[in-house]
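Descriptive structure summary
Next come the chains, spelled out residue by residue.
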Amino acid sequence: MKPEEIEKRSFEIIEEELTAMGITLPPKEDKIIRRCIHTSADFDYAKNLKFSENAVDIGKQLLKEGATIITDTHMAKSGINSRALEKLGCKVFCFMAEPDVAEEAKARGITRATVSMERAAKLPGKKIFAVGNAPTALITLYEMHTSGIFTPDFIIGVPVGFVNVESSKEMIMSGSIPYIVAAGRKGGSNIAAAICNALMYEITGKRE
């Protein structure tokens, strides 16, 4: 089977299984949730993905305006579809592996994720933060927002793990920043990229 045929059949299976479970997805969030299930083979995303009011419309509008995406891992960065980014005039950055980021984090006794988010805040234009690994990235974004230093335009908050993960997501969901969050412990860089791609495919059409 060709890759596009495999993907088509995969989404057919997802539809069959959602129907068998009696799950009807909200129309606006449908394609984002399905792509997360497709990426992970985990149907829990049908219930644990949380969306702020009009999140999908807001995210799509930001991408149409050429927003910059910032990730907290190079895995997420590499998973975001480059052709879709190019079509929309968007860029994606990850500062986690920059030597001076590591040096600053060590000197200040903080995480590289925190320094990366601080650096990303200085980029020009609209910004979407796609966090799939580091809860401290979400905590930093929340603290910058509440202190009035910087407010992200949109947050995709899906770090995976056990320490500070759930509380960091709850912080984002308690605030006023538009978000898509995977409640609970689940998530990951692949899910962060999948959400970015799903939003872009809503604009650019089918995957190439």
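Residues numbered from 1 in each chain as written. Predicted model: local features only at pLDDT ≥ 70, side-chain atom pairs only at ≥ 80, totals over all residues. Heavy atoms only, no water.

**Digging into unusual backbone geometry**
Basically, it comes down to this: Where helices and strands are cited, they refer to DSSP runs of H or I of at least four residues and of E of at least two residues respectively, numbered from the N terminus. To sort residues, take the accessible area from a 1.4 Å probe on protein chains only and compare it with the maximum for the residue type: under 20% means buried, over 50% means exposed, and anything in between is partly exposed.
In this model, Ala41 sits at a positive phi of 60°, which is unusual for a non-glycine residue. You will see that Asn54, though not glycine, has its phi angle at about 60°, which is positive. One can find Asn54 in the loop between strand 1 (49-51) and helix 4 (55-64). Given a relative accessible area of 45%, Asn54 falls into the partly exposed group.

**Let's talk about the packing of aromatic side chains**
Stated precisely, the cut-off is as follows: Only centres within 6.5 Å qualify two rings of Phe, Tyr or Trp (six-membered ring in Trp) as a pair; their planes then separate them into stacked at under 30 degrees, edge-to-face at over 60, and tilted for everything else.
What the rule picks out here adds up to two aromatic pairs. Judged by centre distance (6.0 Å) and plane angle (10°), the ring pair of Phe93 and Phe95 falls under stacked. Judged by centre distance (5.9 Å) and plane angle (70°), the ring pair of Phe129 and Phe150 falls under edge-to-face. Of the two residues, Phe129 sits in strand 4 (residues 127-131) while Phe150 sits in the loop between helix 9 (135-146) and strand 5 (154-157), which places them 21 residues apart along the sequence. The pair Phe129 / Phe150 is uniform in exposure class, with both members buried.

**What to know about the pattern of salt bridges**
The condition is simple: Just to be clear on terms, a salt bridge is a Lys or Arg side-chain nitrogen sitting within 4 Å of an Asp or Glu carboxyl oxygen.
The final tally for this structure, using the stated rule, is 16 salt bridges. Glu12 is paired through a salt bridge with Lys8; the nearest N and O atoms lie 2.7 Å apart. With Glu12 and Lys8 both in helix 1 (residues 3-20), this residue pair falls four residues apart, about one helical turn. For Asp44, the salt bridge identified is with Lys186, shortest N-O distance 2.6 Å. In this pair, Asp44 is assigned in the loop between helix 2 (30-40) and helix 3 (45-48) and Lys186 in the loop between strand 6 (179-182) and helix 11 (189-204), connecting sequence segments 142 residues apart. Linked by salt bridges that have partners in common, Lys8, Arg9, Glu12 and Glu16 make up one network.

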